[in-house]
Amino acid sequence: MKIFSYISLLLALMLQPLPTSAKPKRALTEKDMGAYLFTYFSDPTHGLFMAISYDGYTFTALNNGEPIIAGDSIAEQHGIRDPHICRAPNGKFYIAMTDLHIFGRQKGIRITQWERPEEFGWGNNRGLVLMASDDLIHWTHHVARIDKLFPEHFGEIGCAWAPQTIWDPAVGKPMVYFTIRQHAGGRTKLFYSYADEAFTTLETEPQLLFEYPDTTIQVLDADICPMPDGRYFMTYVAQENPGGIKYMISDRINHFDDYHAEQIDTESGACEAPNVWKRIGENKWVVMYDVFSIRPNNFGFVETSDFKTFTPLGRFGEGKMTMTNFTSPKHGSVIHITKAEAKRLESYWNAQQQKPKTIRSGELWRDDGGRHINAHGGGVLKYGDTYYWFGEHKSERTSDALVGVMCYASKDLVNWRNCGVALSVTDQRGHDIERGCVLERPKVIYNEVTKKFCMWFHLELKGQGYNAARYGVAVANRPEGPYKFLYSQRADAGTWPVEFDATALAVVDTLNEANFKEWWTPAWYKAVNEGLIVKHDFAAGQMSRDMTLFVDDDGKAYHIFSSEENLTLHIAELTADYLHHTGRYTRVAPAGHNEAPAIFKHDGTYWMITSGCTGWEPNEARMFSAPSIWGPWTQHPNPCRGPKAEKTFMGQSTFILPVDGRYIFMADIWRPRHPIDARYIWLPIEFEDGKPVVRWQDEWRF
C-alpha cells in the first residue's frame, strides 16, 4: 500500500480548531444526498482512510489510497482502529476510533506486546479518539481515557474498543457505544455513554447496552441504525464458533433485549465490525462487515428491505461491490454525503497528491503510520524495485538498544512504509544483543550466491560501556527480516594488515607496550601510526566501532570500520558468503581520528567521507579517495558547502546511497538528550573539478 509521507505538512491544517462563529447548517435530508463516504483503517498503517462512491457499489479511495490522517498524530498509542463516522443533525460530522496499535512492538513503538501486562487481555487499551468536523476536511481530535474519566467503576478497565456514534434525539447529544472489558479476565460487553456536542469527551459513565443470554459468550462491535418505523436495528458480534453477525430490534436507542439466535452474515469463518447503511432513494439497507478470518481480509455484504431477510451481495471484488484503488480495508463505516461534499473532498485530496514530494533535511520524516522514522545511523539496500532503509531504533531518553534494528521500505525514497523491527534485541541475560546493549550503524547487503540478506553492525555488550568494540552479524531470507543473530566478535584476530611487510613487523615487534598507556602524547601518536594498537589487539582482535559495508563491482564485499580506539579506519575483506572476514585488511589514515565512514565508487575511484571524533557534537567532514580499495588513500578538504558546512550541517555521515548513477549523502543530526528525535540529512552529491561536493539544500526532489 502507498503511504503518506507529507502528512506532517497537513496535520496543522487538518487538525486546527473549528471556527466558533460558524452558522448552523440546515438539516439535510436523504433527498439532498448524492454520494457515500466510507471510512476505514488498515493494519499496516493504523491510519484513517476515506473512500467515495456515487452509486453505493463502487468505492474509490481518496488521496490515492493513502491515509488522510496518521494514527500516530492523534492517538496516545500511536495508532487508530475501528473508525466510525456519523452525520449528526447539528451539521457536524463525528468520527470515533479505538486508540490502539496492535503491532506496537513489531513497529518499534513499545518494547512490550501491549501497553499493559498480558493479564488485561488482547489489546488492553483504555482510550477512544473522538474527532469532529464541519466540512470533512478539518478535524478536531481528543482522546477520551475511560479509566481516567470514570475511575470508580472503570479504573481497571481491560479494554475499550470499536466506538460508534448515533445522535440521540431525546437527549440532543451524540451517544457513543462501544465494547468494554471492565476488568482483567472478564468478558467483553457493550456499553454506551453520552459525549458533549463538540465531541471532546464523554460526559456520562458507561452503562450496559444489553446483556447476552449466554453469559459465557463475549459480545462486541455493535452498530445501531434507525428504522423507518422509528425503532432501532442493532447488529453486533457474538463470539461463538464461528463468531458472526447477529441483530436485535428495540424502540429505545440505548437498550436492547430482543434476542435473535440466527446469524445474518453468510460467512463460514469469523467476521466482525458490522455497519448498516441505507441505499439513497431506495428501500434497501446494506449490512457491511469485516471478514477478518480470511487472507487477505475483505468486507462482506448482505442487503435487506424488511430487517428480517438478508440477501447476500458477496464480498468486495467478488460480486456487486467493488473497490477500485485500495485493498484490505478494516472495520469501516458508511454515511451519506452530498455530491458537492464528495467533489470538494476529491478536489482537496487530488490537490494534495499533486504537490511535489520532496526531501527536506533536518525536518520530521514520517512513515506510513505518521510516526517519525526511527532508523538512525543507518544504510539503504536496494532489492528489486524497492529501497530498504535499516537503522538504529532510538528511545526517548537512551541510545541503548531497547528494541533493535528497524526496517522501512520505499519505491521512491520519499514515501516510507514501516516494515517493523528487522532484528530484535533479546531479554535473555548475558546474550550478546541483550536489551540494553549498544547496537549501532546497521548495514545490510545481499549475497547473490547464497540468496541471503546479511546485516552487520557495531556492538557493545550490555553494561560494559564501549569496551567490547565488536561487530555483530545477522542473516535473513527476506530484506525486511526477521534477521537471525549469528555471532559477535572483534575483527581479524591473529592477522596483520596487508601493508605490514617484514620491515613494518620488525618495527612493531620492537615497540614498547608501555607506550600504549601514554595517551595522546606525540610518542603515543607515533606508536599508533606505526601499529602499536594493532600489536596490542593482535590476539584478541581489532576494535570495531562505527562501520559501513561496501560491495564492489566484482561482487566482493568489505567491512569498513573505526578501529584502534577510533584513531584508524580499517577496511576488511569479507568471505564469499558475506558472513566473516577473510583475514585480509588494510589501515586507512592511522592516528587520524576518523569515524562514521561512508563510501562509494565513481568512475573507478573510491571515495570515502568520514567524521572526526567529537562524541555527539558535530564536526567538519573529511574526505578520502583511492584508486583501489586497498589504497593508497589520499585525504581531501571538507566536501560540504553552504550554511554550517564546517559542522557537516550539524550532522554526521552514515551512508552514501547510489541511485541510477547519482549518489545521496546520508547523515544524522544526533540529539543525545532526546535520541528518538534525531533527524536526517539527505543531500545529492555533485562533482566539481572531478571531486565530490555536498551542497546544502533546504528542499530538493529526484
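Note that the structure is a prediction, hence the values are computed from the model and not measured.

Looking at the protein chain as a whole, its pLDDT mean stands at 93, while 96% of the residues score no less than 70. For the stretch residues 1-22, pLDDT sits under 50, and the model shows 71 contacts to residues farther than four places along the chain or on other chains.

To continue, consider the sheet that holds strand E1 (residues 35-41). If you walk across this open sheet you meet the five strands as E19-E3-E2-E1-E20, and the pairing is mixed. Each edge of the open sheet is held by one strand with a lone partner, namely strand E19 (322-323) and strand E20 (330-337). In this structure, strand E2 (residues 48-53) lies alongside strand E3 (residues 58-61), joined through two bridges in antiparallel fashion. Looking at the pairing, isoleucine 52 lines up with threonine 60 of E3. Helix H4 (residues 339-354) rests against E1, E2 and E20 of the sheet, and its axis sits at about 125° to E20.

The subject of this paragraph is the pattern of salt bridges. Where side chains of opposite charge bring their charged atoms close, a pairing between them can arise. For the structure on display, the rule yields 43 salt bridges. Here arginine 360 and glutamate 363 are joined by a salt bridge, their closest N and O atoms 2.9 Å apart. The partly exposed category is assigned to glutamate 363, whose relative accessible area is 32%. Each member of the salt-bridge network shares a partner with another, and the members are Glu76, Glu115, Arg126, Arg145 and Asp147.

This part is about empty space enclosed by the protein. Scanning the entire structure with this criterion turns up four cavities of 30 Å³ or more. Looking at the largest cavity, its volume works out to about 90 Å³. Lining the largest cavity are Pro44, Thr45, Asp72, His78, His101, Lys107, Ile109, Asp367, Asp368, Gly369, Arg371 and Asn418. Residues belonging to the lining of the largest cavity are distributed by class as follows: two nonpolar, five polar and five charged.

Time to look at unusual backbone geometry. Cis peptide bonds are those with omega within 30 degrees of zero, and the linkage from arginine 295 to proline 296 qualifies with -5°. Here proline 296 shows up in the loop between strand E16 (285-291) and strand E17 (298-304). With an omega of 10°, the peptide bond running from glycine 481 to proline 482 counts as cis. Relative to the elements of secondary structure, proline 482 occurs in the loop between strand E27 (470-476) and strand E28 (484-489). Positive phi values are uncommon outside glycine, yet histidine 46 reaches one of about 55°. In this model, histidine 78 sits at a positive phi of 65°, which is unusual for a non-glycine residue. For histidine 78, the location among the structural elements is in the loop between E3 and strand E4 (80-87). Take histidine 78: its relative accessible area is 25%, and that puts it in the partly exposed class.

Here is what the cut-offs are and how they apply
- Every chain is numbered on its own, with residues counted from 1 as its sequence reads.
- pLDDT decides what is reported in this predicted model: residues at 70 or higher carry local features, side-chain atom pairs at 80 or more are listed and counted, and totals for whole chains, interfaces and linings draw on all residues regardless.
- With hydrogens and water stripped out, all remaining heavy atoms of the structure feed into the side-chain values.
- Confidence scores here are pLDDT values: one per residue, from the predictor, ranging 0 to 100.
- We call two residues in contact when some of their heavy atoms are within 4.5 Å.
- Each pair of strands is called paired provided DSSP finds at least two bridges between the two strands.
- Each helix is a run of DSSP H or I of at least 4 residues and each strand a run of E of at least 2, with the numbering of both proceeding from the N terminus.
- Whenever a helix is involved, its axis is fitted only over the stretch in contact; in every case the axis is a line through C-alpha atoms, and angles between N-to-C directions fall within 0 to 180 degrees.
- Salt bridges are identified by distance alone: a Lys or Arg side-chain nitrogen within 4 Å of an Asp or Glu carboxyl oxygen.
- With a 1.4 Å probe rolled over the protein chains alone, any residue whose accessible area is under 20% of its type maximum counts as buried; one over 50% counts as exposed, and the rest are partly exposed.
- Only protein atoms enter the calculation, which uses a 1 Å grid: trapped sets of points that fit a 1.4 Å probe without letting it out are cavities, open sets showing protein on both sides within 12 Å along at least five of seven lines are pockets, and any residue with an atom within 4 Å of a point is a lining residue.
- Grid points are joined across faces, edges and corners, and a volume is the space filled by probe spheres set on the points.
- In this count, Pro and Cys sit with the nonpolar residues alongside Ala, Val, Leu, Ile, Met, Phe, Trp and Tyr, while Asp, Glu, Lys and Arg are called charged and the others, Gly among them, polar.

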